[in-house]
Amino acid sequence: MGGYTGKILRINLSEKIIKTEALNMELAKKYLSGRGLAGKMFTDEVPANVDAFSPENKVFIAAGALTGTNTPTSGRFMVVTKSPLNGTLAASNSGGYWGPQLKFAGYDMVVLEGKADAPVYLSIYDDKVEIKDAEHVWGKDVYETTSILKAEFGDDQAKVLTIGPGGENLSLMAAVMNDLYRAAGRNGVGAVMGSKNVKGIIVRGTGKVENANPEGTKVALSNVLKKIRENGVTGQGLPTYGTAVLVNIINENGVYPVNNFQEAYDPDADMISGETMAEKYLVKKDPCYRCPIACGRYCKWDEGEGGGPEYETVWVFGSNCGIHDYEAIHQANDLCNKLGLDTISVGATIAAGMELFQRGYIKPEELAGIPLEFGNAKGMVEWVRKIAYCEGLGAKMALGSYRLAESYGAPELSMSVKKQELPAYDPRGVQGHGLQYATSNRGGCHVRGYVISPEILGLPEKLDRFSLEGKATWVKIFQDLTAVIDSTGLCLFSSFALGLTDYTGLVNEITGFKYTDEELLACGERIWNNERLHNLRVGYTKADDTLPKRFLEDPIPDGPSKGHVHRLDELLPEYYSVRGWDKEGVPTPECISALGM
Amino acid sequence: MHVTIKLFATFRDGRPKVEIRELPEETCVKDILQSLGIAAEEVAICLVNGRDANEHSQLVDGDTLALFPPVGGG
């Protein structure tokens, strides 16, 4: 066996019991690792109706089947738990170096159970695993905590995963951070760690991950490396400009949300584009483990320096808040990294707050002197801080845009799906991507099936973004393939250059499993259905597979996508049908049985 | 006629980000590519007024042409 270490580390925080157990390889064959296997273990072990903050909830921090191998982009891992933001089966992905280090230490995943009676952190050095007191770092930010834990550990090669004040204060937008600037950002997973009194996990491993077929692996690796290097997106576009290269592309297509999605074209977007970042702020690339793409940025601005920002972050603190001040965007990004918050949800919640203020729902006296108008950069940065520390109106905002807008009787002003904030693409001008938003198993998300790829970027082929034809099938295939990639521990961006057959080849050579393409993709479909079944168990229905009213009723007011609404009603029945679900969006017994679930 | 030409990413190397050109009627995208020294196969995304176009698309007065090399993200 290769790829997998075959071992799980299970920590009962209430009882302070640490044990290792063998990975269930039969389940792994069906659900791979990472998002898939951890998701399956979650649904097997944790009652669906558990309160996300109760000790009965569990956190699975799971590397992928290929994480830590020599495969390009194999630096990723998943944080899987019940989301406190929306009750879905949260699976938040992060890169960097922490995941590979966990594999080198000999573990495919860490399972956190129960609740520590006081703040603790975990220290893992191969098979030496300890639960340590974390009182002295509780309350400290991500950067400080990282350096203190490293100093205590006494080995600079150790990698730190930690929550910040956002997670400690149970913000529903709290991230789990690792390697300083990397985030398992979405679904509020950082708050679940906070609820268990776990500040972080430092890990150092001295082993290596084996390949089942070393010769075959060599050939497969050189093949995919060549494809990644020669592909225009992964070989040139992303390395040169990072993800923020999308600012201009998405804007020129007229699907770039402005002022909380009130508009979809920003004439000044170039002021905060990837090109502008490269020209004025970029110091160096900041790649993840074994990544030839190196889209990560390290920037310097007037008052500081640090990792990022990504496209989503630039957009959400920029145009979506009516802001074109790159300094403020860098500051807000840095604050989120430092305080352990999801940039997308925080920025989108501030934007929703701005619209609530614009329309008179939030009154000036609630602001304690901090401006909340679109375009006010200084105010925006201060609201990020107030959200992390739950100060004043910041406490309401820390619950996310849906609960904020609902508390003013205007939930329709939250641009979210299943209570999670939508990312930087207006669905009215990308019909397939909009269907993906509505059906994403974790709520508003762009990386559960990045249909922007065919609809805007022309990869693997160009689709008419306004057309409905074939979109339900495209969405299903993208969702299933993404579930596979997420569970291998490879970066989703590898898929700009690689196809299903490449992934099958890599998985087979490295793990020794013998999947056909169809069987591997079926793992993705199984993972998708497992997540869907969890959502149905917690009470989600067809009615929740929807988009904010604005997208269904109000045409885009201006720009290249002017006049379009999202035609979800026409797409959803076909989507259910290609998934093998009934008219209510429930997987049929035939579908479940065909998948061997 | 007047056409606005916008270039992005590496197409900006040694070329203006944006320019308004006076062009003869019936100018095609490929004529502009030629004058810019960009080969058609280097273009990944070609938009005229925000809608998909290609090298054979004919331009009219007031059009905005946007050209991108292969780029992506998420």
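Conventions used here
Residues numbered from 1 in each chain as written. Chains lettered and ligands numbered in written order. Predicted model: local features only at pLDDT ≥ 70, side-chain atom pairs only at ≥ 80, totals over all residues. Heavy atoms only, no water. Helix = DSSP H or I, 4+ residues; strand = E, 2+ residues; numbered from the N terminus. Rg over C-alpha atoms; globule rule 2.2 N^0.38 Å. Areas by Shrake-Rupley, 256 points an atom, 1.4 Å probe, with all protein chains shown as cover. Lys, Arg positive; Asp, Glu negative; His and termini not counted. Charge placed at Lys NZ, Arg CZ, Asp CG, Glu CD. Core = buried A, V, L, I, M, F, W, Y, C linked by side-chain atoms within 4.5 Å. Buried < 20%, exposed > 50% of the residue type's maximum accessible area, 1.4 Å probe, protein only. Contact = heavy atoms within 4.5 Å. Polar contact = N/O pair within 3.5 Å; in protein donor to acceptor, adjacent residues only side chain to side chain. Buried area = accessible area lost by both parts, 1.4 Å probe. Salt bridge = Lys/Arg side-chain N within 4 Å of Asp/Glu carboxyl O. Nonpolar A, V, L, I, M, F, W, Y, C, P; charged D, E, K, R; others polar. Domains from an automatic or database assignment. Axes fitted to C-alpha atoms, helices over the stretch in contact; angles between N-to-C directions. Parallel < 35°, antiparallel > 145°, perpendicular 65-115°, else oblique. Left-handed = near helix turned anticlockwise from the far one by under 90°.

Considering the overall build of chain B
Next, step 1: In terms of helices and strands, chain B carries 1 helix and 5 strands.
Next, step 2: The C-alpha radius of gyration computed for chain B amounts to 11 Å, which stays within 12% of the reference 11 Å derived for 74 residues, consistent with globular compactness.
Next, step 3: Taking the principal axes of its C-alpha atoms as reference, chain B extends roughly 35 × 25 × 20 Å.
Next, step 4: Total accessible area on chain B is roughly 3500 Å²; 47% of this is exposed by carbon and sulfur atoms.
Next, step 5: Positive and negative side-chain charges of chain B, numbering 7 and 12 respectively, have mean locations separated by a distance of 8 Å.

Remarks on the nonpolar core
Residue and element names in this part refer to chain A.
Next, step 1: With 150 residues, the main nonpolar core has Met109, Phe317, Ile350, Leu372 and Met380 as its most contacted residues.
Next, step 2: It is helix H19 (residues 471–488) that provides the largest number of residues to this core, a total of 8 residues.
Next, step 3: Residues within four places of Phe317 in sequence aside, it is in contact with Ile323, Ile329, Ala332, Asn333, Cys336, Thr343, Val346, Gly347, Ile350, Met380 and Val384.
Next, step 4: Judged by nonpolar contacts, the second largest core, of 29 residues, contains Val59, Ile61, Val79 and Val192.

Here's the deal with the environment of Glu21(A)
Residues and elements named next belong to chain A.
Next, step 1: Here Glu21 is to be found in strand E2 (residues 17–22).
Next, step 2: Between the C-alpha atoms of Glu21 and Met354, which are 333 residues apart in sequence, the distance is 50 Å.
Next, step 3: Not counting residues up to four positions away in its chain, the partners in contact with Glu21 are Gly6, Lys7, Ile8 and Arg10.
Next, step 4: There is a polar contact of 2.8 Å between the side chain of Glu21 and the side chain of Arg10.

Structural notes on the interface of chain B and chain A
Next, step 1: With 20 residues of chain B at the contact, the number on the chain A side is 33 residues.
Next, step 2: For the pair chain B and chain A, the summed buried area comes to about 2000 Å², and 54% of that belongs to carbon and sulfur atoms.
Next, step 3: Between the two partners, chain B and chain A, sit 4 salt bridges.
Next, step 4: One salt bridge in this structure joins Lys17(B) and Glu279(A), with 3.8 Å as the shortest N-O distance.
Next, step 5: Linking chain B with chain A are 10 residue pairs in polar contact (both at pLDDT 80 or more), by the criterion used here.
Next, step 6: At the level of secondary structure, the elements contributing two or more residues to the side of chain B that touches chain A comprise strand E3 (45–48), strand E4 (51–52) and strand E5 (64–68) of chain B.
Next, step 7: Broken down by class, the residue content of the side of chain B that touches chain A amounts to 8 nonpolar, 6 polar and 6 charged.

Description of the domain arrangement of chain A
Residue and element names in this part refer to chain A.
Next, step 1: Its domain assignment divides chain A into domain 1 (7–204), domain 2 (255–420) and domain 3 (427–496 + 516–594).
Next, step 2: The distance between the C-alpha centroids of domain 1 and domain 3 comes to 28 Å.
Next, step 3: Listed by partner, the interface residues are 34 residues for domain 1 and 28 residues for domain 3.
Next, step 4: Together, the buried faces of domain 1 and domain 3 total about 2400 Å²; carbon and sulfur atoms form 55% of this surface.
Next, step 5: Together, Leu32, Arg35 and Leu89 form the three largest contributors to the area buried by domain 1 at its contact with domain 3, with a combined 27%.
Next, step 6: For the interface between domain 1 and domain 3, the tally reads 2 salt bridges.
Next, step 7: For the salt bridge of Asp486 with Arg35, the shortest nitrogen-to-oxygen distance reads 2.8 Å.
Next, step 8: For the pair domain 1 and domain 3, the number of links is 20 residue pairs in polar contact (both at pLDDT 80 or more).
Next, step 9: For the side of domain 1 that touches domain 3, the elements supplying multiple residues, two or more each, are helix H1 (25–31), helix H2 (34–45), strand E4 (77–82) and strand E5 (89–94).
Next, step 10: Per element, the largest residue contribution to the side of domain 1 that touches domain 3 is 7 residues, and it comes from H2.

Description of the environment of Thr482(A)
Residues and elements named next belong to chain A.
Next, step 1: Checked against the element boundaries, Thr482 lands in helix H19.
Next, step 2: The exposure class assigned to Thr482 is buried, which follows from its relative accessible area of 3%.
Next, step 3: Distance in space between the C-alpha atoms of Thr482 and Ala134 is 36 Å, their sequence separation being 348 residues.
Next, step 4: Sequence-distant contacts of Thr482, defined by excluding residues within four places in its chain, comprise Arg35, Val447, Arg448, Gly449 and Leu492.

Regarding helix H17 (residues 431–439) of chain A
Residues and elements named next belong to chain A.
Next, step 1: The element H17 is largely enclosed, with a buried count of 9 among its 9 residues.
Next, step 2: Every buried residue of H17 is listed here: Gln431, Gly432, His433, Gly434, Leu435, Gln436, Tyr437, Ala438 and Thr439.
Next, step 3: Looking at the packing, one finds that the buried side of H17 touches strand E16 (416–417), helix H18 (452–457), H19, helix H21 (517–537) and helix H23 (568–579).

Structural notes on the packing of helix H7 (residues 214–230) of chain A against helix H8 (residues 232–241) of chain A
For any two helices packed against each other, the geometry comes down to the angle between their axes and how far apart the axes lie.
Residue and element names in this part refer to chain A.
Next, step 1: Two elements in contact, H7 and H8, have axes whose closest approach is 4 Å; the angle formed by their N-to-C orientations is 50 degrees. The orientation of H7 with respect to H8, classified from their angle, is oblique. Along the contact surface, H7 presents Lys227, Ile228, Arg229 and Glu230, while H8 presents Gly232, Thr234 and Gly235.
Next, step 2: Considered class by class, the residues forming the contact of H7 with H8 number 1 nonpolar, 3 polar and 3 charged.

Here we look at the pattern of salt bridges
Next, step 1: Taken as a whole and judged by the stated rule, the model has 36 salt bridges over all chains.
Next, step 2: Here Glu230(A) makes a salt bridge to Lys226(A), at a shortest N to O gap of 3.5 Å. Taken together, the residues span about one helical turn, with Glu230(A) and Lys226(A) both in helix H7 at a distance of 4 residues. The same class applies to Glu230(A) and to Lys226(A), which are both exposed.
Next, step 3: Here Lys462(A) makes a salt bridge to Asp52(B), at a shortest N to O gap of 2.8 Å. A residue pair is termed interchain when its members come from two chains, as with Lys462(A) in the loop between H18 and H19 and Asp52(B) in strand E4.
Next, step 4: It is possible to trace a salt-bridge network through shared partners that takes in Arg10(A), Glu21(A), Glu45(A), Lys58(A) and Glu113(A).

What to know about the packing of helix H13 (residues 343–358) of chain A against helix H14 (residues 377–388) of chain A
Residue and element names in this part refer to chain A.
Next, step 1: In contact at an axis separation of 10 Å, H13 and H14 are set at 115 degrees when each is read in the N-to-C sense. For the pair H13 and H14, the sense of crossing is right-handed. Of H14, the residues touching H13 (which contributes Val346, Ile350 and Met354) are Met380, Trp383, Val384 and Ile387.
Next, step 2: Looking at the contact of H13 with H14, its residues break down into 7 nonpolar, no polar and no charged.

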